[in-house]
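A closer look at the structure
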Amino acid sequence: MTFLLIFAVGIIAGFINTLAGGGSTLVLPVLILAGLPSPVANATNRIAILFQNATATKKFHEHKVLTIQPIIHITIATIIGAVVGSFFAIKIESELFDKILGIVFMFILFMMLSPKQKRKSRALQKWLEFTIFLAVGFYGGFIQAGVGFVFLATLNLVDDYNLLKANAIKVFMVLSYTIFSVIIFAISGKILWLHGLVLACGNSIGAYIGVKTAITGGEKIIK
């Protein structure tokens, strides 16, 4: 029953993550409920994130929505930031991580409920974009939960992306840094592979459905 629940939540989380973000706010409590310490749950979730975004990236690429060249520099920045954040995550004590996670969840709730307004793209210098996405990458490597919202909020600093293209870029960037995060968490012994792979199957299915939904419904369904 535990693995069935993890699989089912994975489908929902994969769908939500692909369309916007915040799916890990469902996954982490379920993994903790299943008996995993919060740092282990955070690490184990990365297996699902890896498979989910690999599936979503492939599907967005097939539909010719994903354009990589303009975001190479910020992708590199997020990878560097995520590597640092992942090392930070494996060193932190479980009790402190629980407190940080609680604060992050309240922040995500605020972002979900706050009114969304169309922001005009403001071109920034490359070094400033790089610095901003270093911080985004650190957050993704450290916590991951809610990072989709952060990406959607910051990608317009690079270009005036619509929500469909922004989501395609987001899943590619998350995939890029998660490869390195998984390696770090795996070497540290924080990942429970059976839980992670069951969750990954669910997330991948959810991501596949999410991309189909995004392509068919466009910005309206994403909003």
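The following refers to the structure shown. (Residues numbered from 1 in each chain as written. Predicted model: local features only at pLDDT ≥ 70, side-chain atom pairs only at ≥ 80, totals over all residues. Heavy atoms only, no water.)

**Section: the overall build of the chain**
Quick reminder of the rule: Counting from the N terminus, the helices are DSSP H or I runs at least four residues long and the strands are E runs at least two residues long. Within these notes, the globule rule equals 2.2 Å times the number of residues to the 0.38 power, and the radius of gyration is based on C-alpha atoms. Remark: exposure states derive from per-residue accessible area (1.4 Å probe, protein chains only) relative to the maximum for the residue type, with buried under 20%, exposed over 50%, and partly exposed in between. Any two residues whose heavy atoms approach within 4.5 Å at even a single point are treated as in contact. Method for areas: the Shrake-Rupley scheme with a 1.4 Å probe, in which residue coverage is limited to the protein chains shown. Asp and Glu count as negative and Lys and Arg as positive, but His and the ends of the chain are not part of the count. Think of each charge as sitting on NZ of Lys, CZ of Arg, CG of Asp or CD of Glu.
A tally of regular secondary structure across the chain gives nine helices and zero strands. In sequence order, the chain lays out its α and β elements as α-α-α-α-α-α-α-α-α. Here the C-alpha radius of gyration of the chain, 16 Å, is about what a compact globule of 223 residues would show, namely 17 Å. Along the first, second and third principal axes, the C-alpha set of the chain runs to 45 × 35 × 30 Å. Counting only residues that meet the buried cut, the chain has 52% of its 223 residues in that class. Long-range pairs, those at least 24 residues apart, make up 83% of the contacts in the chain with a sequence separation of at least 6. Accessible surface for the chain amounts to roughly 10,700 Å². Of this, 71% is attributable to carbon and sulfur atoms. Here the chain contributes 18 positive and 8 negative side-chain charges, whose respective centroids are spaced 7 Å apart.

**Structural notes on the packing of aromatic side chains**
This is how it is decided: Two rings belonging to Phe, Tyr or Trp (six-membered ring only in the last case) form a pair when the distance between their centres is within 6.5 Å. Interplanar angles under 30 degrees mark stacking, angles over 60 mark edge-to-face geometry, and anything in between is tilted.
Going through the model one piece at a time under the given rule, you end up with five aromatic pairs. For the ring pair Phe88 and Phe138, a centre distance of 5.9 Å and an interplane angle of 55° mean the geometry is tilted. Pair noted here: Phe88 is in helix α4 (residues 72-91) and Phe138 is in helix α6 (residues 126-142), with a separation of 50 residues, a long-range link. Residue classification places Phe88 among the partly exposed positions, given a relative accessible area of 44%. The interplanar angle of 85° and the centroid separation of 5.8 Å between the aromatic rings of Phe97 and Phe142 together place this pair among those described as edge-to-face. Here Phe142 lies in helix α6 and Phe97 lies in helix α5 (residues 94-113), a separation of 45 residues in the sequence. The same class applies to Phe97 and to Phe142, which are both buried. Among the aromatic residues, those joined into a ring-pair cluster are Phe88, Phe97, Phe138 and Phe142.

None of this, on its own, says anything about what the molecule does.
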